[in-house]
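Coordinate analysis (summary)
Residue-level listing of the chains:
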Amino acid sequence: MSTLSGKMMTESSIPLTVLRLLATLLSGMSILSGKCRLWLHGLGLLNSSPLDRTGPPWTCTSPPEDLEPASLVTLFLGRRWENKMNSQKLALYIHAMLAACMNPRDFFGKNLVLELRRMTEENANYTNPFQILVLCNAGDTMTSKDVEKVTAAFNSQHRPFWTGTKALAILAIACLSSKPNLVADEKILNVMQQELKSRQLKNGTVDNSRTTALVVQALLVHDSYNKDFNMDLAIHSILDSVKGNISQLNAYYALPVLSNKSLLNISSVHCKKAPDSEMEALEKVLDVDGEVISVQYSIWIGDKVELARTWQLKAPLNNSIYDIVETIAKIDNRQKVEYNVMEGKPFVTSLAGLEDDPETGTFWFLHVKTMNSDEETQIIEQSPVDVRLKPNQEIILWYKSGSWNPHLRAAESKIPGITKSRWR
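Residues numbered from 1 in each chain as written. Predicted model: local features only at pLDDT ≥ 70, side-chain atom pairs only at ≥ 80, totals over all residues. Heavy atoms only, no water.

- The name an unreviewed UniProt entry gives the chain is Sortilin-related receptor, with Trichonephila inaurata madagascariensis as the organism.
- You can read under Subcellular location (unreviewed entry) in the UniProt record for the chain the words "Secreted". (UniProt positions renumbered as here; feature names shortened; annotations may be inferred.)

**Details of the overall build of the chain**
- Helices and strands together make up the secondary structure of the chain, namely 15 helices and 8 strands.
- Here the chain holds 424 residues, and the buried ones make up 48% of them.
- Taking as baseline every contact in the chain between residues at least 6 positions apart, the subset at least 24 positions apart corresponds to 65%.
- Approximately 22,300 Å² of the chain is accessible, and the part contributed by carbon and sulfur atoms is 52%. (Helix = DSSP H or I, 4+ residues; strand = E, 2+ residues; numbered from the N terminus. Buried < 20%, exposed > 50% of the residue type's maximum accessible area, 1.4 Å probe, protein only. Contact = heavy atoms within 4.5 Å. Areas by Shrake-Rupley, 256 points an atom, 1.4 Å probe, with all protein chains shown as cover.)

**Some points on the nonpolar core**
- Ranked by internal contacts, the top residues of the largest apolar core, which has 59 residues, are Ile 94, Phe 130, Phe 229 and Leu 263.
- Sort the elements by how many residues they give to this core and helix 8 (residues 163–177) lands first, with 10 residues.
- When neighbours within four sequence positions are excluded, Leu 263 is seen to be in contact with His 95, Phe 130, Leu 133, Asn 137, Leu 168, Leu 171, Leu 214, Gln 217 and Tyr 252.
- Among the nonpolar cores identified, the runner-up in size contains 24 residues, and Tyr 297, Ala 329, Val 368 and Leu 389 belong to it. (Core = buried A, V, L, I, M, F, W, Y, C linked by side-chain atoms within 4.5 Å.)

**Some points on helix 4 (residues 87–99)**
- With 13 residues, helix 4 extends 19 Å from end C-alpha to end C-alpha; this agrees with the ideal 18 Å at 1.5 Å per step.
- Buried residues dominate helix 4, accounting for 11 of its 13 residues.
- Residues of helix 4 that are buried include every one of Ser 87, Leu 90, Ala 91, Leu 92, Tyr 93, Ile 94, His 95, Ala 96, Met 97, Leu 98 and Ala 99, and no others.
- For helix 4, the capping residue at the N-terminal end is Asn 86, with a side-chain oxygen 3.2 Å from the backbone nitrogen of Gln 88. (Expected span 1.5 Å × (residues − 1). Polar contact = N/O pair within 3.5 Å; in protein donor to acceptor, adjacent residues only side chain to side chain.)

**Some words on the sheet that holds strand 4 (residues 345–351)**
- Strands sit in the order 3-4-5 across an open sheet of 3 strands; the sheet is antiparallel. Each end of this open sheet is capped by a strand with a single partner; those strands are strand 3 (337–342) and strand 5 (354–355).
- Relative to strand 5, strand 4 runs antiparallel, the two being bridged by 2 bridges. Residue pairing for strand 5: Leu 351 is matched across the bridge by Leu 354. (Pairing = 2+ DSSP bridges.)

The structure is reproduced here in structure tokens:
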């Protein structure tokens, strides 16, 4: 594991520490501030001087107050992917993408999980257990061969300062054990954890504060820290190190432990599901059994129909116009409808914030006609709840002047399908 401090970070190492922070489930944190130009220059993302006010408009002439984590990952990876990236760095990117709610299986058409698996399989001599952990967290198909690689990696780390790698191996084994097709021997896991416990010093640390944080993460598995390990001293040593040296890398190691989490918690389960498209939402709402018919629902604005919006949908045969109006309002909250109820029946008086306006003589009117036809529209005086749908019918809610308004009479002849006789 890298031991660079915040002051010692090189231009190439800074992105990796940011990726680590993202991967600790802090995907909502503010990465960039008003000093974005200097910061981006330090990351090697600007070709110009940090004081040069020219260049891409997003750099600082109109600086972003916050750059979304997904955008940050895209900037880093998009810049470096053409170079031959090693498997350890690629694993960090995949973890960061999971935490930033990006799909590592489709990064501009490239499957990064598949690429990491290919790199892992190519190295027959040794596999960093962190790579196996990342593949496991990313939902790749794991096999007994992966268990053998991690176990071999644990047993090969004899030098004292390789304790962090042993901790990563334990986390990888714990993840592999959660897969239904793999059954790991818990005794082996206990033996591994016991070896880490034996390395704790009297001041609570294991090697150093960062390794201590990794070891604590490994001991959170099955609450192994409850026996033969001084958790209080370990936590105090981690806190002391953060107080003395606040850096992104220290935060990466310390924050999961202080949140009672570990690298096992990295996933995309915290991400909100992308909203359905309007068409998908309509299909779900209208997914009903029985006979359905095709109808069209339109909203017209203005005497000359300056604005119009149309939806094509299938609806149950026994539905009313009211059902269609309400369905669209549920799918798109911008089409919220309000009614006046007269004798127990609803009549539209407001849609999308446009209300009936008696002072200007502008109101909502309900019309119907046959879909895709030039026939004149027919005004409906009944409540929409009383009008049953017909096949290939277009339902129109039209916000316009009343038929008594002289402005409408001047405009009506210019709209196809409308004649003066209709308004008599």
